[in-house]
Amino acid sequence: MPFSVYLTYTRTYTKNIVMRHDYTLFRRKGQKVWYFHFYENDTRKSRSTGKTLKYEAEEVAQEFIFKKKNPKKGITLSGYTQNFFIWDQCLWIKRQHSKGHRFSIDVAQQRRGHLVNHILPVFGSYLLTDLNSIEIENWLIHLDKANQTKNNILSTFKIVLTEASQEGIIPRNPLELVKQLARQNAKRDIFSDDEITSLFPADDTEIFDLWDEQRLAVSMYLLYCTGIRSGELRALRWKDVIWDDELGGLAIMHAVKNNQEIGLPKNGKTRVVVMDQRGAKLLSNWLDATPFNEMDDLIFYGSSCSTPMERGVLSKKLIKVLAKLEINTSERNLVVHSFRHTFNTRMRRVLPQETLQMLTGHQSKEMSEHYDHPDNNSIYNLLKRSILN
């Protein structure tokens, strides 16, 4: 509903709503453009709206009057969101909790990330009253992110502007009629057997040369052979390793969150996973080579032994290696998380469902099925065994 139509039906005056009697529209003789009279310090003044359609002229006049009457008209988006989504400082979060709504610290950190990493670099210097839906929507459409991520960013933006509207800083939320983008159903792909052989050559020297450094080679191989999440891998410490003569294991006790802080794994549940022989061997060799080998040191560190590796390091390296190996990804969604999908797909063929869920940390059979990518030969073999048995 246009703002002017909304105001037509508004009868009660409040300091946050511009009433029609605050200005008077008129046309000058021989001109199609609408003007409006308004009062400033008891002096009547006039101003052009630049619009020939009356409803558009009303919106221009009402926005102008609103900005003049509102004492917070000079607030920028950056200034307004200084404490927004910061867990112990955001009044909006406290109000949600007081109303009984669930809003976790992880979600708060994600929302804050949307602000800091995407919204504020582009719109932070804008006055709240100058933000408009068309410009924001065009920016969002061309943002180099998946539609799901764009929708999450849009939701964050809407929360902020709805709050500003309720405070009376802006007359309305300019994003209230902006719809979310269509969901993209690009399911993550898995790596083929040949691709796994190329990604992890049998010779240790070759694998280290391919991934440029031992730390990255070991981390990628562990993602493949254990199926753990990237955040769980980056939170591993040497005290979490279970050394064994035959295989070896990892105690998944923590995970790196979006803000690089270390917390509990997804769903808050810890578990143990098993490494294959090569994974255990590569990890043992890395223990001998790393400068950070104390029990409390992070295995896959960032800038120090207590700072975890950033998620983007793994993603960027995988993209480079796939290009180096000339693995075509133009029509495939191959990412770091594809190692987890690959593990789940392979293990579903050989492990009981309950055991698989213990390894992956999935809470349901349906989630395991979501991670399953059977090929035609796998389906045929499953049907063949069912018929023969």
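Residues numbered from 1 in each chain as written. Predicted model: local features only at pLDDT ≥ 70, side-chain atom pairs only at ≥ 80, totals over all residues. Heavy atoms only, no water.

(A) Region of interest: the pattern of salt bridges. Evaluation of the coordinates by the stated rule reveals 13 salt bridges. Notably, a salt bridge pairs Glu40 with Lys45, separated by 2.5 Å at the nearest N-O pair. We classify Lys45 as partly exposed; its relative accessible area is 34%. Notably, a salt bridge pairs Glu232 with Arg229, separated by 2.7 Å at the nearest N-O pair. Assessed through its relative accessible area of 2%, Glu232 is described here as buried. For Arg229, a relative accessible area of 14% puts it in the buried group. (Salt bridge = Lys/Arg side-chain N within 4 Å of Asp/Glu carboxyl O. Buried < 20%, exposed > 50% of the residue type's maximum accessible area, 1.4 Å probe, protein only.)

(B) The arrangement of the sheet that holds strand β2 (residues 34-40) in detail. With antiparallel pairing, the three strands of this open sheet are ordered in space as β1-β2-β3. Edge positions in the sheet fall to β1 (24-27) and β3 (43-48), since each has one partner strand and no second. Adjacent strand axes in the sheet meet at a mean angle of 35° when their direction is disregarded. Sheet topology places β1 next to β2; four bridges connect them, and they run antiparallel. Across the sheet, residue Thr24 finds its bridge partner in β2, namely His37. (Pairing = 2+ DSSP bridges. Helix = DSSP H or I, 4+ residues; strand = E, 2+ residues; numbered from the N terminus. Axes fitted to C-alpha atoms, helices over the stretch in contact; angles between N-to-C directions.)

(C) The pairing of strand β8 (residues 271-274), seen in detail. What you see with β8 is a clean split: Arg271 and Val273 sit on the buried side and Val272 and Val274 on the side with no burial. Looking at chain direction, strand β5 (residues 249-252) and β8 are connected through four bridges and run antiparallel. Residue Ala251 lies in a different strand from β8, and its bridge partner there is Val272.

(D) The pairing of β3, seen in detail. Where β2 lies against β3, six bridges are found, and the strand directions are antiparallel. Within β3, the position partnered with His37 by the bridge is Ser46. The hairpin formed by β2 and β3 contains two residues between the paired strands, and Asn41 there has a positive phi angle of roughly 55°.

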